[in-house]
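# Architecture at a glance
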Amino acid sequence: MKKSAIALLITVMFIIVITVAIGYGLKEVNRGSQMIRSENFMYQSTIVVEDVLKILQSSPDLQKIADSNSSLDLYTFLSSASAIPLNIKNFRVMIKLKSARAKINPSMINKQTINLFKSFLNNHRVNTQYADVLMDAKNGVKADNSYNSMIFDDNPTLFRDYIASKKHLKYINNFYKKEYNTNDIDSIDFDKLFYYSSDTNMSIDVNYATTPVWEFMLSCTQQRAEELNLNAGSYEKVSDLNLNDIELKNFKNFKTSFFEPILLVSIEIKQDKDSSKIEFEYNIKDKEGSNFVYEI
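Rules used in this analysis
- Residues numbered from 1 in each chain as written.
- Predicted model: local features only at pLDDT ≥ 70, side-chain atom pairs only at ≥ 80, totals over all residues.
- Heavy atoms only, no water.
- Pairing = 2+ DSSP bridges.
- Helix = DSSP H or I, 4+ residues; strand = E, 2+ residues; numbered from the N terminus.
- Axes fitted to C-alpha atoms, helices over the stretch in contact; angles between N-to-C directions.
- Contact = heavy atoms within 4.5 Å.
- Parallel < 35°, antiparallel > 145°, perpendicular 65-115°, else oblique.
- Left-handed = near helix turned anticlockwise from the far one by under 90°.
- Nonpolar A, V, L, I, M, F, W, Y, C, P; charged D, E, K, R; others polar.
- Patch = residues over 30% accessible without salt bridge, like charges linked within 9 Å, V, L, I, M, F, W, Y side chains within 5 Å.
- Areas by Shrake-Rupley, 256 points an atom, 1.4 Å probe, with all protein chains shown as cover.
- Salt bridge = Lys/Arg side-chain N within 4 Å of Asp/Glu carboxyl O.

A separate point is the sheet that holds strand 5 (residues 262–271). Ordered by their spatial adjacency, five strands build an open sheet running 1-2-5-6-7, and the pairing between neighbours is antiparallel. Unpaired on one side and paired on the other, strand 1 (83–88) and strand 7 (288–295) mark the two borders of the sheet. If you compare each strand with its neighbour and ignore which way they point, the axes differ by 15° on average. Where strand 5 lies against strand 6 (residues 274–283), 10 bridges are found, and the strand directions are antiparallel. When the bridges of strand 6 are listed, Glu-268 appears paired with Lys-277. Across the sheet, helix 4 (residues 71–80) is in contact with strand 2 (91–99) and strand 5; its angle to strand 2 comes to roughly 155°.

Okay, structure coming up:
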């Protein structure tokens with residue numbers, strides 16, 4: 001009961017602070033000269049992002065998490081403030097906060113983990129040749145042209161240092177479907193499996209790992225992965241996972257952590273027919289935002 005009350009208080013206080021700050025920011029924008037509608041909306045969206053960033057930087061709750069290094073504090077905060085809807089003047093704003101380390105960076109698929117990925121594909125009844133296509137698309141330029149697929153014959157200028165975005169992966173998946181005349185890849189929810197970043201050294205926070213991520217890492221059944229996902233927030237050390245010998249061996253192939261204080265902040269803003277979506281990472285300890293992506 002006490003924990004629920006604390007979580008509710010965190011949510012209420014966070015909403016109040018965000019509402020006041022964003023409301024003031026938009027009020028200042030509306031006082032300015034009238035701009036072209038789309039440009040004005042873009043500017044207003046930027047103001048909202050700046051205000052949210054300032055709120056995160058000054059949040060005592062996040063400062064407490066940074067000081068305590070507590071996975072429980074982080075989990076409690078995200079459980080209570082994961083989605084914050086706001087209506088300010090004629091703007092509808094939705095702010096979502098979650099862990100930025102819940103999924104696998106495709107760069108983690110390497111010589112040590114490729115067989116686990118192929119096992120994951122087999123479990124979803126997907127041709128393992130998809131793994132060859134994906135490896136080609138992220139392993140850089142090969143001077144001897146020794147690729148496993150013909151993906152670059154169709155698009156020789158396709159970026160191939162890492163999987164840069166959801167749109168990039170969609171192109172890869174469409175090539176695979178066309179080349180192998182199958183839609184079997186649609187059985188995998190890539191939105192829950194992959195996180196796209198140029199950071200090839202990132203860790204997976206096991207307290208937020210999704211069900212498909214557990215399936216991949218441990219080469220286990222969906223039911224076993226769901227069990228591990230249900231206990232999210234309670235893991236502090238490897239023994240807490242209760243892995244068997246095979247699962248533990250597979251698990252050690254990945255860079256994992258029990259506390260990654262990095263948030264994925266999503267902001268959706270709507271006004272009449274205009275809308276924008278902004279995502280960025282926020283490092284709680286460094287108090288810095290990075291990897292900003294704007295869709296307007």
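The subject of this paragraph is the packing of helix 5 (residues 114–123) against helix 10 (residues 211–218). Contact geometry for helix 5 and helix 10: axes closest at 7 Å, N-to-C directions at 125°. Our classification of the angle between helix 5 and helix 10 gives oblique. Handedness of the helix 5/helix 10 crossing: right-handed. Here Leu-116, Phe-117 and Phe-120 of helix 5 lie close against helix 10, whose contacting residues are Pro-212, Glu-215, Phe-216 and Met-217. The residue makeup of the contact of helix 5 with helix 10, split by class, is six nonpolar, no polar and one charged.

Here we take up a nonpolar patch on the surface. A cluster of nonpolar side chains, Met-42, Phe-292, Tyr-294 and Ile-296, forms an exposed patch at the surface whose accessible area comes to about 380 Å². The residue Met-42 is located in helix 2 (residues 37–58) in this model.

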